[in-house]
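Here's the letter readout for the chains.
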Amino acid sequence: MDITKKNFIEQLPLIRETIRNATFFAMDCEFTGLASDRTIFPFDTPEEVYLKMVENSAQYIIIQFGLCAFRVEPPAEEQKDAEPRLSYKCYNFFCYPKGRTNVFSCQGESIRFLADNGFDFNRLFREGLSYANEIEEQRYRADLKERQAKRAATILAAAEDDSNESDSKAVETADINAVPVPAELQQQVEDTAASIEQFLQSDRPELIVGNCNAFQRKLIYQLIEQRFLRKVTTSTVSLENNQKAIKVERKRSLEEEQALDEKRRAQENADLEVNVGISLVLQELSKARKLIIGHNMLLDLFYVLRQFFKPLPADYEEFKKLTKEYFPLLLDTKYLCTNAEIKVDVNSSVLAHVYDAVSKAPFAIPTVHAELPDHQYSVDDEKKHEAGYDAYLTGLCFLGLVSRFKVNLLQLPKDTTLKHYMNRIFITRLNDVNYIYLNGKEPSQSREHIFYVTFPENWRTTDIMSKFKPFGLVHVNWLDNTSAFVSLHNRIVASSVLKTIGYHTGFKVYSFAQFTQMKLQRPATKRGRIGTGGPGRGNGAEVRCGQPVDKPSGEEKAEEERQKIDDSVTSAKRKGKHEDQPPADNEADGGGWRTVKKARKTFTDNNDW
């Protein structure tokens, strides 16, 4: 079901009830852009990846949030051996910021990608739900409370004035402070007075006085105060053309004013709910404290926290603490696919490919029923890159994957197998510790077998491998046209590399520890770029990862490379064609920085964009 500002208030109570009754959830998001991973290196730590994301992330926003609530019900007493009954409800929320002060960034390729996949931007701009983080919501509520309190005080004060002051005294005061009416506006003021007299003698509920500028409205308010003080009450309204007008109504008693104010309060409170918008749904989801499934969900989590809750902290451990505060149970099916048993039958971790794999033996997706037709999706009617559909597909993939372990769907958080994957958020492009562990510290990895090398621009993978041939099998991770990481398969010989490797003009080898020290010494690291030149290079060049963010299925190819490290020697290819090699072209950027370019390609899946 699509949720926009047209049906949000009507559906909000039902959405909250659905969240309370659900067993677990699957979520997915569509963004105006993706945080760049061009500064992420294969051997970065999870903490380094997070800090780079915080530092280099533009203000992209979620424009569509998909939530699929799955409900697992135990079988009836007379059918104890039967499978639990599964049902679901899917919601597809359009999100768009309200107000002139909200500014966000767009990535051209991301917007084009969504347009190519049928995203309805007209509906987004016209009907998108507003949102507010915690600080903004608190300000909205405080401002509204203050306005309502002032209005209530004004109503009481006006009632006391009416009972204590005479008409003559009020008129005298008004005459003293009166603004002279210019001759050219005298007729307009008299016509307005006549209209008010006619209104008072009629049975019309109100009179709208429009076509006035600010000064003319002031004169009309003055007229009413002088001649109709005890007979009418006024308020300012906006017409369809955004012009201000004066609404004139008959004077009401204190009880009538207070009753009208109560209605106004109710409408204002409802308007506040609309302004906070989808954030109310995320708050309810957080309160539920239930398992949430995502696929390659780091960016989803990153943007959800920043957009709907709080700014992301600069401290990595604080980020973990913040995440668990709002979402204590998370499972990333991308990381679940790294399970050894699953990898045998799931060759690609792209969402659509995972579904294809788990749709047949040895997996089994249980039957899941839509609770209502409006909340239904079908894999026979694909709606790829619609957040609601992708959330639904993520849930099905999860059910298929865990069928391999025979888990109890009624006790998912307590399952002994799943606990090894709980709260581990997958990170693309990392070679060893490829997840953020929210419950504690990630395991440390030795980097003694990894070397940072710089070389002439015309070198190929075979040239690098030939230098390391005496040390056995190696894997090359290109960074740009003149630098790469080389990891040894045989770690025992790592200590002899720097002592015995041959010399070639322009070729230098550094241990990973030396590379780390070089990073710390370079001012550019504060901007997320790592120096490539090393001591004595003298060209001030900088490194960027040679794997563009928009390379289709690049992550899957990198995974295959890691799995088949033994093929690295014999599968040498020319630069620009090997998965880990940089593109052939480059151009100098300002200040000696080197920018790597590669031809754009159509994405096969947004998760691996």
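None of the values given here were measured: they were computed from a predicted structure.

A.B. asks: How do you make sense of the overall build of the chain when you look at a structure like this?
C.D. replies: The number of helices and strands found in the chain is 20 helices and 20 strands. The 609 residues of the chain split such that 50% are buried. The contacts in the chain between residues at least 6 apart in sequence include a share of 74% that link residues at least 24 apart. Summed over its atoms, the accessible surface of the chain is roughly 29,700 Å², and 48% of this surface lies on carbon and sulfur atoms.

A.B. asks: Explanation requested: unusual backbone geometry in the structure shown.
C.D. replies: Comment: phi is negative for the bulk of residues other than glycine, and the bulk of peptide bonds are trans. With an omega of 10°, the peptide bond between Ala361 and Pro362 qualifies as cis. Along the chain, the position of Pro362 falls in the loop between helix 15 (351–358) and strand 10 (368–370). Here the phi dihedral of Arg289 falls at roughly 60°; this positive angle occurs in a residue that is not glycine. One can find Arg289 in the loop between helix 10 (279–288) and strand 8 (291–294). Here Lys406, not a glycine, exhibits a phi torsion of approximately 55°, which is positive. You can see Lys406 is positioned in the loop between helix 16 (387–402) and strand 11 (424–426).

A.B. asks: I tried to follow the environment of Tyr510 on my own but got confused; where do I start?
C.D. replies: Tracing the chain through its elements places Tyr510 in strand 16 (residues 508–511). Distance from Tyr510 to Thr454, taken between C-alpha atoms, is 8.7 Å for residues 56 residues apart in sequence.

A.B. asks: Just checking my understanding: could you explain the packing of helix 1 (residues 8–21) against helix 10 for this structure?
C.D. replies: A pair of packed helices is characterised by two quantities: the angle between their axes and the separation of those axes. For the pair helix 1 and helix 10, the least separation of the axes is 10 Å and the interaxial angle reads 15°. The angle between helix 1 and helix 10 falls in the class roughly parallel. Our pair here, helix 1 against helix 10, has a crossing hand that is right-handed. For the pair helix 1 and helix 10, the contacting residues are Phe8, Leu12, Ile15, Arg16, Ile19 and Arg20 in the first and Leu280, Val281, Glu284, Leu285 and Ala288 in the second. Residue classes in the contact of helix 1 with helix 10 are distributed as eight nonpolar, no polar and three charged.

A.B. asks: Teacher, can you tell me more about the sheet that holds strand 13 (residues 450–454) here?
C.D. replies: What links the strands of a sheet is backbone hydrogen bonding, and the strands pair in either a parallel or an antiparallel sense. The four strands lie next to each other as 14-15-13-16, forming an open sheet whose pairing is antiparallel. Single-partner strands in this sheet number two, and they are strand 14 (474–480) and strand 16. Within the sheet, the average angular offset between the axes of one strand and its neighbour, ignoring direction, is 25°. Across four bridges, strand 13 lies against strand 16 in antiparallel orientation. In the sheet register, Thr454 faces strand 16, and the bridge partner there is Lys508.

A.B. asks: So what exactly am I meant to see when it comes to the confidence of the model for the chain here?
C.D. replies: Parts of the prediction with low pLDDT should not have their coordinates interpreted in detail. In this model, the chain carries a mean pLDDT of 80, and residues with pLDDT of at least 70 account for 81%. In the predicted structure, residues 524–609 sits below a pLDDT of 50 and forms 216 contacts with residues beyond four places in sequence or in another chain.

A.B. asks: Looking at this structure, I do not really get the sheet that holds strand 6 (residues 232–238). What am I missing?
C.D. replies: With respect to topology, three strands assemble into an open sheet ordered 5-7-6, the strand pairing being antiparallel. Because the sheet does not close on itself, it has two edges, and the strands there are strand 5 (207–209) and strand 6. For this sheet the average axis-to-axis angle between neighbouring strands, irrespective of direction, equals 30°. As defined by bridge partners, strand 5 adjoins strand 7 (residues 244–250) across three bridges and the pair is classed as antiparallel. Within the sheet, the bridge partner assigned to Leu207 lies in strand 7 and is Val248.

A.B. asks: What's the story with the pattern of salt bridges in this structure? I'm lost.
C.D. replies: A side chain of one charge can pair with a side chain of the opposite charge when the charged atoms of the two come close. Across all of its chains, the model carries 23 salt bridges by this definition. When the shortest N-O distance is used, the salt bridge between Arg404 and Asp345 registers 2.9 Å. You can see Arg404 sitting in the loop between helix 16 and strand 11 and its partner Asp345 sitting in the loop between helix 14 (340–343) and helix 15, a full 59 residues away along the chain. Linked by salt bridges that have partners in common, Arg151, Asp261, Arg264, Arg265 and Glu268 make up one network.

A.B. asks: What am I meant to see in the pairing of strand 14 here?
C.D. replies: The side chains of a regular strand alternate between the sheet's two faces. With respect to burial, strand 14 is a largely interior element, seven of its seven residues being buried. Of the pairings in the sheet, the one linking strand 14 to strand 15 (residues 483–488) comprises six bridges and is antiparallel in character. When the sheet's bridge partners are listed, Asn477 is paired in strand 15 with Phe485. Here strand 14 folds back onto strand 15 in antiparallel fashion, the turn holding two residues.

A.B. asks: I keep staring at helix 15 and nothing clicks. Help me out?
C.D. replies: Residue pairs spaced three or four apart in an α-helix point in one direction, given the helix's 3.6 residues per turn. Within helix 15, six of the eight residues are buried, which leaves it mostly tucked inside the rest of the structure. At its buried positions, helix 15 is contacted by helix 16.

Calculation criteria
Residues numbered from 1 in each chain as written. Predicted model: local features only at pLDDT ≥ 70, side-chain atom pairs only at ≥ 80, totals over all residues. Heavy atoms only, no water. Helix = DSSP H or I, 4+ residues; strand = E, 2+ residues; numbered from the N terminus. Buried < 20%, exposed > 50% of the residue type's maximum accessible area, 1.4 Å probe, protein only. Contact = heavy atoms within 4.5 Å. Areas by Shrake-Rupley, 256 points an atom, 1.4 Å probe, with all protein chains shown as cover. Axes fitted to C-alpha atoms, helices over the stretch in contact; angles between N-to-C directions. Parallel < 35°, antiparallel > 145°, perpendicular 65-115°, else oblique. Left-handed = near helix turned anticlockwise from the far one by under 90°. Nonpolar A, V, L, I, M, F, W, Y, C, P; charged D, E, K, R; others polar. Pairing = 2+ DSSP bridges. pLDDT = per-residue confidence, 0-100. Salt bridge = Lys/Arg side-chain N within 4 Å of Asp/Glu carboxyl O.

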